[in-house]
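Chain and residue survey
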Amino acid sequence: EAQDSLVDVRTGKATPLPESITRLARRPHGYQVSANGTMLFEGTDRESGTNQLYVVDVGGTGARPLTSDALGASSGSWSPDGTSIVYLGGWKNVFDLDLSAQLSVIETSTVKITRLARGRAGDLLAPFFGTDGRSILFTRGDAAAGSLLDDQPQADLWEIPAVGGHPTIFLEDIGFATYPSDGKPIAYTQDVYWREGHGGGVYPEIWLANVAGDDAHLLVRGSDPRWSPDGTRIAYMWGG
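For clarity, every value in this text was computed on a predicted model and none was experimentally measured. (Residues numbered from 1 in each chain as written. Predicted model: local features only at pLDDT ≥ 70, side-chain atom pairs only at ≥ 80, totals over all residues. Heavy atoms only, no water.)

1. With respect to the packing of aromatic side chains
Worth spelling out the cut-off: A pair of aromatic rings is counted whenever rings of Phe, Tyr or Trp (Trp by its six-membered ring) have centres within 6.5 Å, and the orientation is called stacked for planes under 30 degrees apart, edge-to-face for over 60 and tilted otherwise. Secondary structure is summarised from DSSP: a helix means a run of H or I of at least four residues, a strand means a run of E of at least two, and numbering begins at the N terminus for each. Relative accessibility thresholds used throughout: buried, under 20% of the residue-type maximum; exposed, over 50%; partly exposed, between the two (1.4 Å probe, protein chains only). Any Lys NZ or Arg CZ found within 6 Å of a ring centre and within 35 degrees of that ring's normal is scored as a charge over the ring.
Across all of its chains, the model carries 3 aromatic pairs by this definition. With 5.3 Å between their ring centres and 15° between their planes, F41 and Y54 make a pair best called stacked. Here F41 is found in strand 4 (residues 38-45), whereas its partner Y54 is found in strand 5 (residues 51-57), with 13 residues between them in sequence. Using a relative accessible area of 0% as the deciding quantity, one classes F41 as buried. Accessibility expressed as a relative area gives 1% for Y54, which makes it buried. Judged by centre distance (5.8 Å) and plane angle (85°), the rings of F128 and Y179 are edge-to-face. On the criterion of sequence distance, the pair formed by F128 in strand 11 (residues 125-129) and Y179 in the loop between strand 15 (175-178) and strand 16 (186-196) is long-range, its members being 51 residues apart. With respect to class, F128 is no different from Y179; both count as buried. One aromatic cluster is present, built from ring pairs that chain together Y31, F41 and Y54. Its guanidinium or amino end placed over the ring of W158, R140 lies 4.0 Å from that ring's centre, counting from NZ or CZ. Note that R221 overlies the ring of Y203, its terminal NZ or CZ placed 3.8 Å from the centroid.

Right, dumping it as structure tokens:
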């Protein structure tokens, strides 16, 4: 049976997640550690069956639910200073991108929630804080594409102030992006469409570009890029 674990990168020793996490939520996933050493994760609330966000000390102490959204919460990401988390709330089924969702920010100490935007979940994907913590960037898919292989749509990166305001497009055709701590370069995912006979498909690639979206070049086949804190490495999902 597969088991999530914590691993010491110095020794390579892996230990199963502590009971404080597994007891709190079923199927924990999406682990992220903040600048101050607090870990964020997602899991299924054992009573309501909804997906919620949780925080815990990386040693396993102080685990607690952060959200209690009646329809669930997902896609959480830390602010640079580790005091707030941006996430999608009100998203009942995280596999249905046509459902309504709310882009929100929650302060971890006070649990105060600021609602930034509401709309189709597929238009508010993968939110994260900008490097200065004053803006939120998120990915908006191309819902108008009639045929993936014919239209070959690419997602766009949008921006909205972290205190609320009007969203504006930030970079076109550069979706599912992420920055290192100094804001450069951008790592993002591009879909590659292919045809063979009467069939075809799509696979993801990770590209790098400067902050204006120029000088783009292919890094590796894969998706979901995540920068190391020092900006020298990227963790990603293999693209198949």
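There's more to say after this.
2. A closer look at the nonpolar core
Which entries qualify depends on this criterion: In this text, buried Ala, Val, Leu, Ile, Met, Phe, Trp, Tyr and Cys residues form a nonpolar core when linked through side-chain atoms within 4.5 Å. Any two residues whose heavy atoms approach within 4.5 Å are treated as being in contact.
Counting residues in each nonpolar core, the largest one holds 17 residues, and the members touching the most others are L103, I136 and I160. Of all the elements in the fold, those that place two or more residues in this core are strand 8 (84-89), strand 9 (100-107), strand 10 (113-120), strand 11, strand 12 (135-140) and strand 13 (156-161). If one sorts the elements of this core by residue count, strand 9 sits on top with 3 residues. If we skip the residues at most four places from it in the chain, I160 touches L103, L116, A117, S135, I136, F138, G165, H166 and P167. Grouped together as the second largest cluster of nonpolar side chains are 10 residues, F128, L137, L157 and Y188 included.

From the geometry alone we can't say anything about function, so treat these as descriptive.
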